[in-house]
Amino acid sequence: MPGLFGLEPRTEGLRIHDFSLVHQYIQRFNEVSGNKSAVIRRRSKTPGVMITQYVVNVPEGKSTPDFQCKPVPVTTQEGKLAVFKAMVKGDPKPEVSWRRTKGTTSDKEKFQNKYDESTGEHILEIHKVSAVEADTYKCYAVNEYGKAVCTATLSVIETLTNPSDFRKLLRRSKVEENQTNKANEETDERFWDAMLNADRKDYERICTEFGVADLNLILKKLEEKKERALNKCKQDGVIPYDEDAKEKHCLKSGGRTKDFIIKGQMQKGTGLNQLDVEEVNLFDTRLNQLNAKEVNVVDARLNPVDAEQMHDTWLNQMDGEDVKLLLTEFKLSNVDFVIKIQEVKAQEREDALFECVLTHPLPRITWMSKGSILEDGEKYSITVSDHKLIHKLLIKDCKQQDKGIYSAVAGITSCSAWLIVEAESNLTSADKKKTRKTTLADGAGTDLGKVAKQQQIKNREEMEKILAAVKAKHQVELLTEGKPLTTCGRDTEITAVSERGKNSGAVKDKPDAAKASALSEPKGNKEKDKMKNSRGDGTVFKLDASGCVTSPGVQVIVDGQKNKKHTKSGQEDFDKVTESSGGAESGSGAESSSCAESGGGAESSSCAESGGSTEPSSIAESSSRYTNEAASDSDDNEDSTDQVTHSNHSKQSQKTQDAVNGESTCPKEHTECDETEDATGFATNSKRKRKGPLIEDLEIDPGVQFICGLSDVNAIIGEAAELTCKLSSEDCVGAWFRDCKKISPDDNFTITKDGAIHKLVIIMCKEEHSGKYRFEADGRKTEAMINIKDPPRFDPEDLSAYTKPVTVKVGHTVIFKLHFVGHKPIKIKWYRDGEELQDDNNIKMEKSASHSRLLLSRCKRKDTGEIKIKLKNEHGFIEAISQLIVLDKPTSPLGPAEVTESSATCIEFRWRPPKDDGGSPVINYIIERQQVGRNTWKKIGEFPGVPNYRDTDVDHGRKYYYRIRAVTAEGISEVMETDEMQAGTLAFPGPPAPPKVVSAYDDCISLSWASPNNTGGSRILGYILEKRKKGSNLWTVVNALDELIKEKKYAVKDVVAGMEYEFRVTAINLSGAGESSNPSEFVFARDPKKPPGKVTGLKLTETSYTHLVLTWTKPEEKPGIQDEAKGYFVEIRQAECIEWSRCNNTPIIMASFCVKGLKSMDMYWVRVIATNDGGESAPEELANYVIAMPSPVRPKFTNHKMKSFIVVRAGNSVRITINFEASPRPEIMWLKDNMPVTKRVTISNSDGSSQLLIPSSERSDSGIYSILVKNLAGQETFSTEVRVTDDPKPPGPIELEENVPGTVTVIWEPSPDEKRDDRLHYTVSKLDSTKRTWATVADRLFNNKFTVCNIMQGREYHFRVYAKNDMGISAPSESPTWGTERKKEKFVVSLPTRKDCDLRCAPTFIVPLKLHTAPKGYECYMSCAVKGNPKPRITWYRNHISINTNTNYYISNTCGVCSMLILHVGPKDMGEYTITAENALGRAECSTVLSVRE
C-alpha cells in the first residue's frame, strides 16, 4: 500500500527500524518544518485491516495498534440485537471507537460500547435494529504511535407480516436503490475508475478507503466490467447499450446466450435461474401468505424442476437485488435447529465429531471457531447428508490448541458447544501411542437419521397443505368473478393469463386463414416459431409444441451451488431430489406448464425446462399451431417505476401476450398500440380500449419435461462415472452429447434407458473425458460437467500388503514400500505415530515418481507404533497406515513382592508383571531362592505366567530371598529380587482405628471402624469387639472368639437402656489377635436426643479493637421437646457480608466466649447456637450490631511526671511526649500560644501517646504548647512552657556613684538579651582591696543599678556585674576602681603586676570516636570529648550528610562530651559517621565506621 508521498514499504514484513533513506529524509523534513507526524500506511497480517503509523521509528517495546480478531459482517432481522466484536493489541493499549459510513452512533440507547475484560473483546451492541441502521461500520484502534481501521457491514432483514408486503418490499427496495444510486453515483464512479486503473496489490487498500467490505464480490464484478469493456463492440449479436438510441427489434442471434439490458447494464439472463432447490422450497413455504391474485403459477406436483420453473417465471420479472432480498427473507427466517451441537470431550490424538439437524434443508452451513470460518480439508471434514438436513463437522487428531467453542451458523440462527481436549493419559508401554478413534458428544445416542426423516415428512405435509390451500382459494376466486378456468390438458393444473411489466404491448391479429392453418398443424410438430422481443436486444424466442417459450443457449442450473460436492447421479440423485422437494404430486405425475388468468396485473406464466432457460413470458395461446403474431390489448394502467397497478378484473383479456421482464412485444405496424417510447428505450402506455374479437381458449400440451436433470460429477481416472436424468415420459428417446458432439455407445461409453430414467456410463475415465455433457429429448436439454481428476492412488496389491502389521526383532531392519500413480508433482511424507520422519542414521527415505520406500535400520522397541505414508497433489491426498511391532525381551517383573501368607510351613507372595512384555506374552516365570546367610541360589523351577508363588519347602523361622525372571518367546528378562521373607514368624496386626458410633438406641448401638494399617504380613481373619460401662475397669467381649466379626461394623444389642458405654476392637490375622484399639467415645444406650432450645440472655460484656466477649444463659431443658445443651457454637459475620463464619470448630461448654481477631472499628453481627447429640438449636442473635472498639473512656493523661516548663538551648531539638488513655481513639490537637503549631513542628500520634518534635529549635519557638485530647466521652488538655534560649551576653559599661557616704551605687547598661528574655536577671560581685576573693553582694536583680553598703574609707573596691538566665551566666562587666587606699610607710608592700590569662583555643578532640559493630535491632551509642574556647558548635554527619535534624538519632552535648544514640540499628544505618567542632579560632573533625551484623 502506498505510504507517505506515494512511497511503498519494501515488504509486508518490513521492520519499522529499517526504513529507506527517503523515509528518514521525510522525517527530518517534518521535524525541521514543525510537522511532527510522518504518516506511513501498511497492511496488517489480519486481512482487511489497514494500519496508519504516525512516526517512522517506533520505540523498542512499543507497537502500533492492530486487530487480533476483526468484526465479522452481521445479518439480522428487524427489531433484533446486532453485535460486533473485535480484539485489538498494541503498546500502549489502544483506545477503540466505532463509527458509521452514513450516520452517527451518538444515540447511547441504540448504540452501546462495551469491553469484556475476561475475553479482551470490544463490543458494539445495536439494539432493536431497523433498516436505518443497515450500514458499513468502521472500528478504530488508536494509540500514540498509530491507528488501525477495519470495517464490517450490517444487513437488516425487514419482517414481513402481510403477504402484500412482499410487493411493497420489492417496490421500496427499488426506490431506495434509486436514491442510493443517485447519492453515491459520484463515489461509485470514482471507485470503479480507481479499481480499473489500479494494480492488483492495491485492491484491498482502495476497498478500505471507500468502505467496501466484500472484496471477493468486488473482484467478480471487476472481472465482469473488464470483460464487458473488451467485448463491448466485439460480441456477436449483442447490441451495446445506447442511451439515446431507440428500441429496435430483430431476429438475430437466435442460438446465442441472451443478455438483458436493465438500467443500462448488461446482466446475464440466467442469473436468477441458478437457484438452489432448497431455496425454492423455502420460497414455496411462504406462498400460503400470498394473495391468489398475486400468484400466477402454482404447480401441484412441485418437484425440483417445477419449483425452479415457477421460481424463474415469477422472479425474472424482478430486479436482481429484489430477488436476493426476498430469498434472504425466506431462507433465513425459517431455518432452525432440531438438534443442536453438543459438548464433546476427547483425548489428545482422537477425532471429535459435532452433529446437528436442521428444520429445512440447506446445502451448507457455516462452521466457525475462534472467530474464523472452518473449511473442509485435512484438519476438518465437513459433510452434509443427502437430504441436506444433517450437517457434521469432524475435527481430526485433536490437540490442546483445538479446544474451545465451535459454532454452527445456519442463516441468522446459530448454536455453539465446547470441545474439551483432555491430556493424553499414561501409555501402557514405553513410547507407545494409542490408535486414533472418533469421540462423539455426551448423549449422542440419538438417531439423527430418524429425526431428519421425521422432519422431512413434516416439511412435506406442510407443503401439501400450503399448495392445496392456495389452489383452492385461487379457483374459488376465479369462479366467483365469472372467469373461465382454462387448463392445458392436465388434471387440476391452472393456466394463468396475465400481464406484468412496465410496458404491455398489443399483438396484431392475424387473418382467420392464418389461424386456421395454425390450428391444423399436428400436435407433435417439432418446428419452432420465432417471437419478437419488444426490448430490441436481438434475442429470439422459440415457441415449441408444448406452448413454452424457450431461449436457446440459456441453461437452468438446478443446484445453485453448481454441484461442487455432488459426485453421484442417476437414480440416486433422482430419489434424493424427489424426496427433498417437499411438493405434492397430482394427476398423472407428468410435468406441464402452468398457465392461468389471475386478473389484472397477475404474474406471467412459467414454462421452464431443465435443459435451457425459460423466459418469463406470458403465453396462453401461443404454440406450434399458431404463428408468432396474435392480437392482444392491454387494460392495465402502469406507472413509470416498473411497478404494476392492478386494474379492473372485468377488463382483463384472455388472449396471449408476450412479456419479457414486464416488457411486451409491440410490432411497429400495429396501428392500435398507443405506446410511445422515451429516450431511454422504455415504453410508456396510455389507457386504451380493446378492439376486435376475443380469441377462444385453447389447450396447450407442455410436452416432455425433465423431472431430474443432470448434476456435475467429479470422477477419478481409471474409474467409472455415471450421469443420470429422468424425464416425465417413458416413451421419449433422447441423445447424449459431449462438447456438442453426439455420443454413441462404444468401449468407453454405455448408454442405457430404464423407463423414464436415462443413464450415461463412462466405463473407465480418462483425462480427455472431461467436459460438458448434454442430454436432449423432445427439444428439451440438460447439461452437466464431468471433471476428471487424478489424485494420488496406491497400487491395490501394495496397499493390501502394506496395511498388514509388520513384526520385526530388535536390531533388525524393516522396509516399507508402496507404488502409486497420480498427477505430478506428488508430495510424499512418512509419519511415525503422527510425527513426520526425517532422514538420519537409522531412517532412510527413497522418493520417486512412481513409488516410495522407507528403510528403518537397527529398530528399537520404542519404534513400535503407527507408520503412515501421505501423498498429496493438486487433485487431492491419500493416506495409508501400517503397524510396526518391534519384538524384544521383556523388562524385569515389577516389585516389591507382597507377602500374602507367611506361616511355619509355607511362604506365599505375589508380584506384578513386567511393565513391557517386549511384544510377546509372558509364558513362564523362573524363580530362584537363597537362604539368608548363604551365598548360593537354588533354582526352584519355571512356573506358568501367573505372578504369584507359594513356597511350601521352607524351614520354620528361616528367612529367604527370591529372584524372579519373566520368560517370553523373545528371551528372558532381567532379574527382580525380593526383600527377605521369614517363615513361621508370628506377626500380629496393629490396632485398628477407634470405633465410631453410627447410631444409638435404647436396645442397640451400631458401631463401625477402619482396618489396621499394619496387617502383620497376612490377611485379617476378623475382629473382636469389647465393651465397658462408664466407671468400670472390666472389658466384656461382645462376640465369641469362635465367631469373629468379618465386616468392619457391628450392632451391639446387649446393652442396658440409659447406661453409658465405650467400645474397643481387636484385629486377628493368621498369627493371632493383635493390639486393641483406643476406646471410642462414651455413648448412652438411649433413643436419639432432641435438639436443645435457643440460648437466653445473650449479651455483650466487653469490647476492644480486636476482640469482644459474650455471655449467655443455658437453654431450658423440656422433656420430649428440647433436651439439654452439651455445647455451644459462636458465629459472626461482618455487616457487608451475608455468610456466617463459625468462631469455634468444636463446641464450647462454658456459657461465655471471647471472639478474637476483629478488625478495628468494623461492624459485626453475632449469634450463638446450642448443640447436643440430637442436633443444633435455632440461633440466638444480638439485637444490634457490635462495633470493634473499647467501651467509651474519657481521655486521661497517664504520665504524672510531665514537665510544665522546659528550657532548651537554641539549636537543640525540642521533644514533648504525652501519654494518655482514651476510648474510642481520640482526636489530638497541639497548640502554641492557643494557635495551631507551624509546619516546622512534627507531630507523631499512636494509640496511647502523642509526641511533639522541633528538630532544631530557635528562640522564636519559645511559648506555651498545649495538647487537646478529645473523644465522644470528653476531653483533656495539658500545657507545657518551652523556653528556647542561650548563654546571655554580658551587661554594658558600669558607672559608680556615691550618693550617701559609706555607700556606692553601681549602675550598668542592660545586656542585649534583656529584651528577648524576660527571665534574665543580674548578679553584682565586689572585690575589697584587703581581700583576695570576690563576694556576691546582690543576686536576681531585674533592674540596672544596685547600692552597695559598708564601703570603708581608705580601701579600694572593684565591682563586677553578670547577666544570668535559665541557661547560664554571662561574662562579667568590670567597673572602675573605687576609693583610695591609705598608705602606711611602715607597711609598704610591692605587689607583682597581675596579668590575665588568655584561655581561648581552637577546638580539639580529647577523646575520639571508636569503631562500632552493632547487631541488627539493638542500640548503638557513640561518644567523644572535645574542648575549645569559645565553645565550639557540634555537627554530626552520616556519609557526609548532616543528621542533626534527623529525629531517628538522639544527639546531646554536655560540657564537651558529645554523644549520639541510635535506638534500633538497621542496615540503613551502616556507613561512616563524622563529627565536626567549629568556633572562631578553628575547626576539628573526627570519624568512625558503624557496621551492622545480622
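Worth saying up front: this structure is predicted, and the values here are computed from it rather than measured. (Residues numbered from 1 in each chain as written. Predicted model: local features only at pLDDT ≥ 70, side-chain atom pairs only at ≥ 80, totals over all residues. Heavy atoms only, no water.)

### Description of the overall build of the protein
The helix and strand tally for the protein stands at 12 helices and 98 strands. Within the span of the protein, comprising 1494 residues, buried residues form 45% of the whole. Of the contacts formed within the protein by residues at least 6 apart in sequence, a portion of 67% connects residues at least 24 apart. (Helix = DSSP H or I, 4+ residues; strand = E, 2+ residues; numbered from the N terminus. Buried < 20%, exposed > 50% of the residue type's maximum accessible area, 1.4 Å probe, protein only. Contact = heavy atoms within 4.5 Å.)

### Some words on the sheet that holds strand β8 (residues 121–126)
As summarised here, the arrangement of the 4 strands in space is β3-β5-β8-β7, forming an open sheet in which the pairing is antiparallel. Edge positions in the sheet fall to β3 (63–69) and β7 (111–116), since each of these pairs with one other strand and no more. When strand polarity is set aside, the average angle formed by the axes of neighbouring strands in this sheet is 30 degrees. Of the strand pairs in this sheet, β3 and strand β5 (residues 82–91) are connected by 4 bridges, and their pairing is antiparallel. Residue pairing for β5: Ser 63 is matched across the bridge by Asp 91. (Pairing = 2+ DSSP bridges. Axes fitted to C-alpha atoms, helices over the stretch in contact; angles between N-to-C directions.)

### Some thoughts on the pattern of salt bridges
Scanning the model with the defined rule gives 53 salt bridges in all. One salt bridge connects Asp 790 with Arg 793, and the closest N-O pair in it is separated by 2.7 Å. Pair check on accessibility: Asp 790 and Arg 793 agree, each one buried. The shortest N-O distance in the salt bridge between Glu 1062 and Arg 1028 comes to 2.5 Å. Of this pair, Glu 1062 sits in strand β62 (residues 1060–1069) while Arg 1028 sits in strand β59 (residues 1020–1029); the two residues are 34 residues apart in sequence, bridging distant segments of the chain. Using a relative accessible area of 18% as the deciding quantity, one classes Arg 1028 as buried. Residues participating in the shared-partner salt-bridge network are Glu 1281, Arg 1283, Asp 1317, Asp 1318, Arg 1319 and Asp 1366. (Salt bridge = Lys/Arg side-chain N within 4 Å of Asp/Glu carboxyl O.)

### Section: the sheet that holds strand β58 (residues 1005–1008)
In a beta sheet, neighbouring strands pair by backbone hydrogen bonds and run either parallel or antiparallel. Pairing within the open sheet is antiparallel, and its 3 strands lie in the order β57-β58-β61. Across the chains shown, the open sheet's two edge strands, defined by having one partner strand only, are β57 (996–1000) and β61 (1049–1052). With strand direction ignored, the average angle separating the axes of adjacent strands in the sheet is 20 degrees. Pairing analysis gives 4 bridges linking β58 to β61, with the strands arranged antiparallel. Opposite Ile 1005, over in β61, you have Val 1052 as the bridge partner.

### Considerations on a nonpolar patch on the surface
Side chains of Met 1161, Met 1163, Tyr 1185 and Ile 1187 sit close together on the surface and give an oily, nonpolar patch of about 350 Å² of accessible area. A relative accessible area of 43% places Met 1161 in the partly exposed class. (Patch = residues over 30% accessible without salt bridge, like charges linked within 9 Å, V, L, I, M, F, W, Y side chains within 5 Å. Areas by Shrake-Rupley, 256 points an atom, 1.4 Å probe, with all protein chains shown as cover.)

### Section: the confidence of the model for the protein
When pLDDT is averaged along the protein, the result is 75, and 71% of the positions lie at 70 or above. Below pLDDT 50 for its whole length, residues 1–23 participates in 45 contacts with residues either more than four positions away or in separate chains. Segment residues 483–699 is flagged for pLDDT under 50; beyond a separation of four residues in sequence, or across chains, it makes 595 contacts in the model. (pLDDT = per-residue confidence, 0-100.)

### Re the nonpolar core
Ranked by internal contacts, the top residues of the largest apolar core, which has 25 residues, are Phe 354, Ile 365, Trp 367, Leu 393, Ile 395, Tyr 406 and Leu 419. Counting only elements with at least two residues in this core, the list comes to β14 (344–347), β15 (351–358), β18 (380–384), β19 (390–395), β20 (404–410) and β21 (413–422). Apart from the residues lying within four places of it in its own chain, the contact partners of Tyr 406 are Ile 341, Phe 354, Met 368, Ser 369, Leu 374, Tyr 380, Leu 393, Ile 395, Cys 415, Ser 416, Ala 417 and Leu 419. (Core = buried A, V, L, I, M, F, W, Y, C linked by side-chain atoms within 4.5 Å.)

### Digging into the packing of aromatic side chains
Counted under the stated rule, the structure contains 21 aromatic pairs. Ring centres of Phe 909 and Trp 911 lie 5.7 Å apart, and the angle between their planes is 40 degrees; on these two criteria the pair is classed as tilted. The class of Phe 909 is buried, set by a relative accessible area of 0%. Overall, the relative accessible area of 6% leaves Trp 911 in the buried class. Among the aromatic residues, ring-to-ring pairing joins Phe 909, Trp 911, Tyr 925, Phe 943, Tyr 949 and Tyr 962 into one connected group. Here the guanidinium or amino end of Arg 963 rests over the ring plane of Trp 937, the centre of that ring lying 4.1 Å away. Across from the ring centre of Trp 1140, 4.2 Å away, lies the NZ or CZ of Arg 1167, which sits over that ring. (Phe/Tyr/Trp six-rings, centres within 6.5 Å; stacked < 30°, edge-to-face > 60°. Lys NZ or Arg CZ within 6 Å of the ring centre and 35° of its normal.)

### Thoughts on the environment of Glu 730
Considering the arrangement of structural elements, one finds Glu 730 in the loop between β32 (721–727) and β33 (735–738). Separated by 26 residues in sequence, Glu 730 and Val 704 have C-alpha atoms that sit 9.6 Å apart. The residues touching Glu 730, leaving out its near neighbours within four places in the chain, are Lys 753, Gly 755 and Ala 756.

### Things to note about the environment of Asp 790
Examined against the element boundaries, Asp 790 turns out to sit in the loop between β38 (780–789) and β39 (793–794). Taking the C-alpha atoms as reference points, Asp 790 and Glu 767, 23 residues apart in sequence, are found 8.2 Å from one another. What Asp 790 contacts, discounting residues up to four positions off in sequence, is Ile 717, Gly 822, His 823, Asn 873 and His 875.

### Points about unusual backbone geometry
The phi torsion of most residues other than glycine is negative, and most of the peptide bonds are trans. For the bond running from Lys 824 to Pro 825, omega is -5 degrees, close enough to zero to count as cis. Structurally, the position occupied by Pro 825 is in the loop between β41 (814–821) and β42 (827–832). Omega for the bond connecting Asn 1429 with Pro 1430 falls within 30 degrees of zero, at 0 degrees, which places this linkage in the cis form. Mapped onto the elements, Pro 1430 comes out in the loop between β92 (1420–1429) and β93 (1433–1438).

### Focus: the pairing of strand β47 (residues 876–887)
Across 4 bridges, the pairing between strand β40 (residues 806–809) and β47 is parallel. Following the sheet pairing, Thr 807 is matched in β47 by Ile 885. Connecting strand β46 (residues 865–873) to the next strand, β47, in antiparallel fashion are 2 residues.

### Focus on the pairing of strand β45 (residues 851–856)
In the case of a regular strand, side chains alternate between the two sheet surfaces. Side chains of β45 alternate between two faces, with Ser 852, Leu 854 and Leu 856 buried and His 851, Arg 853 and Leu 855 left unburied. Pairing of β41 with β45 involves 6 bridges; the strand directions are antiparallel. Each bridged residue has a counterpart across the sheet, and for His 819 the counterpart in β45 is His 851.

### Structural notes on the side chain of Ser 1177
Topologically, Ser 1177 is positioned in the loop between β71 (1175–1176) and β72 (1180–1181). Classification of Ser 1177 as buried rests on a relative accessible area of 8%. At a separation of 3.4 Å, a polar atom in the side chain of Ser 1177 contacts the main-chain carbonyl oxygen of Gly 1093. Apart from residues no more than four positions distant in its own chain, Ser 1177 is found in contact with Pro 1092, Gly 1093, Lys 1094, Ile 1169 and Ala 1170. (Polar contact = N/O pair within 3.5 Å; in protein donor to acceptor, adjacent residues only side chain to side chain.)

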